[in-house]
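# Structural overview
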Amino acid sequence: RCTSRRKVKGHVEYRDKPIIGATIQIQPLPPESDALPPADPALVPIFINSNDDGRYSVFLDAGRYAMIIKPPPNSGLARTVSSILKVTAPSPADGATIEHDLAAWPPTVLHGLLLGRTGKPEAGVLIDVLGKQMQLLESLTAAGAAVSTQRSLVLLQTHRLGSAVTGSDGRFEILVAPGNLAE
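This text gives an overview of the structure that appears in the document. None of these values were measured; they are calculated from a predicted model. (Residues numbered from 1 in each chain as written. Predicted model: local features only at pLDDT ≥ 70, side-chain atom pairs only at ≥ 80, totals over all residues. Heavy atoms only, no water.)

### As for the overall build of the protein chain
Note the cut-off: Each helix is a run of H or I in the DSSP string that is no shorter than four residues. Each strand is a run of E no shorter than two, and both are numbered from the N terminus. Partly exposed residues are those whose accessible area sits between 20% and 50% of the maximum for their type, while under 20% is buried and over 50% is exposed, using a 1.4 Å probe and protein chains only. Contacts between residues were defined by any pair of non-hydrogen atoms, one from each residue, lying within 4.5 Å. Exposure was quantified through the Shrake-Rupley algorithm and a 1.4 Å probe, taking into account, for residues, occlusion by the shown protein chains and nothing else.
Counting its secondary structure elements, the protein chain contains zero helices and 13 strands. Overall, the protein chain shows an N-to-C arrangement of helices and strands of β-β-β-β-β-β-β-β-β-β-β-β-β. Per-residue burial for the protein chain yields a buried fraction of 34% across its 183 residues. Taking contacts inside the protein chain between residues at least 6 apart in sequence as the whole, the part at least 24 apart equals 70%. Surface accessibility of the protein chain: about 11100 Å² in total, with carbon and sulfur atoms responsible for 54%.

Structural data, given as structure tokens:
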């Protein structure tokens, strides 16, 4: 019995500590090719979660995948495109399981003081930090064209990066994923 599916498993971690409850988005990518791939609606992402030990496990078909970590809310860790994973059909030489660990990026600390119109600190105010994240997943160049043509696959999402409520002194501190602050 021959199958192209393989088990992929590993740890989701930050500085060698497990990230419990992280969502792992596994985004299928077009096959490697010198030609520009057509749009493929079948490239639907898979979502799984890390367990209480920060481990994950999933069965994937042969192909290429962007492995994207979405840490738990308020962890302050960055939403990270951890790696591009290439899954090949299993063979006796390499076994059926692929061990693939994922690492998150550290946060940036955003802190401030909120003053009202009178110049006095404002207490109990919700501060939200919104951002747009754009990640170049891959860049392809068309071969055989009279003029070199380049096409990139980019992931763009807008989301809340963090929030805090100002203290009695009007101060706040939010852990924000680096490189994701809104303009």
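Moving on from the coordinates now.
### So, the pairing of strand S13 (residues 171-176)
We apply this condition: We call two strands paired when DSSP finds no fewer than two bridges between them.
Because side chains alternate across S13, one face comprises the buried residues Phe-172, Ile-174 and Val-176, and the other comprises Arg-171, Glu-173 and Leu-175, none of which is buried. The sheet contact formed by strand S10 (residues 108-113) and S13 spans six bridges and is antiparallel. When the bridges of S13 are listed, His-111 appears paired with Glu-173.

### Notes on the pattern of salt bridges
Charged atoms that come close allow side chains of opposite charge to pair. The following threshold applies: Salt bridges are identified by distance alone: a Lys or Arg side-chain nitrogen within 4 Å of an Asp or Glu carboxyl oxygen.
Counted under the stated rule, the structure contains three salt bridges. Of the charged contacts in the structure, one is a salt bridge between Asp-61 and Arg-5, with a shortest N-O distance of 3.3 Å. Within this pair, whereas Asp-61 is found in the loop between strand S5 (55-60) and strand S6 (63-70), its partner Arg-5 is found in the segment before strand S1 (6-14), the two being separated by 56 residues in sequence. For Asp-61, a relative accessible area of 35% translates into the label partly exposed.

### So, the environment of Leu-102
On the secondary structure map, Leu-102 appears in strand S9 (residues 102-103). Residues Leu-102 and Tyr-14, spaced 88 residues apart in sequence, show a C-alpha to C-alpha distance of 8.6 Å. If we skip the residues at most four places from it in the chain, Leu-102 touches His-11, Val-12, Glu-13, Ile-24, Tyr-56, Met-67, Ile-69, Ser-82 and Ser-83.

### Some remarks on the environment of Val-165
Turning to its location among the elements, Val-165 is positioned in strand S12 (residues 149-165). Along the primary structure Val-165 and Val-125 are separated by 40 residues, whereas in three dimensions their C-alpha atoms are 5.2 Å apart. Beyond its immediate stretch of four places on either side in the chain, Val-165 contacts Gly-124, Val-125, Leu-126 and Arg-171.

### Looking at unusual backbone geometry
In this structure, Arg-15 is a non-glycine residue whose phi angle is positive, near 50°. Looking at the secondary structure, you find Arg-15 in the loop between S1 and strand S2 (17-18). You can call Arg-15 exposed: its relative accessible area is 65%. One non-glycine residue, Asp-16, adopts positive backbone phi at about 65°. Tracing the chain through its elements places Asp-16 in the loop between S1 and S2. Looking at Asp-16, the relative accessible area reads 69%, which means it is exposed.

### What about the nonpolar core?
Spelled out, the test is: Nonpolar cores are built from buried Ala, Val, Leu, Ile, Met, Phe, Trp, Tyr and Cys residues. Side-chain atoms within 4.5 Å join them into one set.
Val-8, Val-12, Ile-24, Ile-26, Tyr-56, Leu-60 and Met-67 are the most contacted members of the largest nonpolar core, which totals 20 residues. Elements represented by at least two residues in this core include exactly S1, strand S3 (23-29), S5, S6 and strand S7 (80-87). Not counting the four nearest positions on each side in its chain, Tyr-56 is found in contact with Val-8, Lys-9, Gly-10, His-11, Val-12, Ile-24, Ile-48, Asn-49, Met-67, His-100 and Leu-102.

### Thoughts on the side chain of Arg-6
Convention followed: N or O atoms closer than or at 3.5 Å make up a polar contact, with two conditions inside protein: a donor-capable atom paired with an acceptor-capable one, and, for residues adjacent in sequence, both atoms drawn from side chains.
By secondary structure assignment, the location of Arg-6 is in strand S1. For Arg-6, a relative accessible area of 4% puts it in the buried group. A polar side-chain atom of Arg-6 sits 3.1 Å from a polar atom in the side chain of Thr-88. Beyond its immediate sequence surroundings of up to four residues, Arg-6 is in contact with Val-58, Phe-59, Leu-60, Val-87, Thr-88, Ala-89, Pro-90, Asp-94, Gly-95, Ala-96, Thr-97 and Ile-98.

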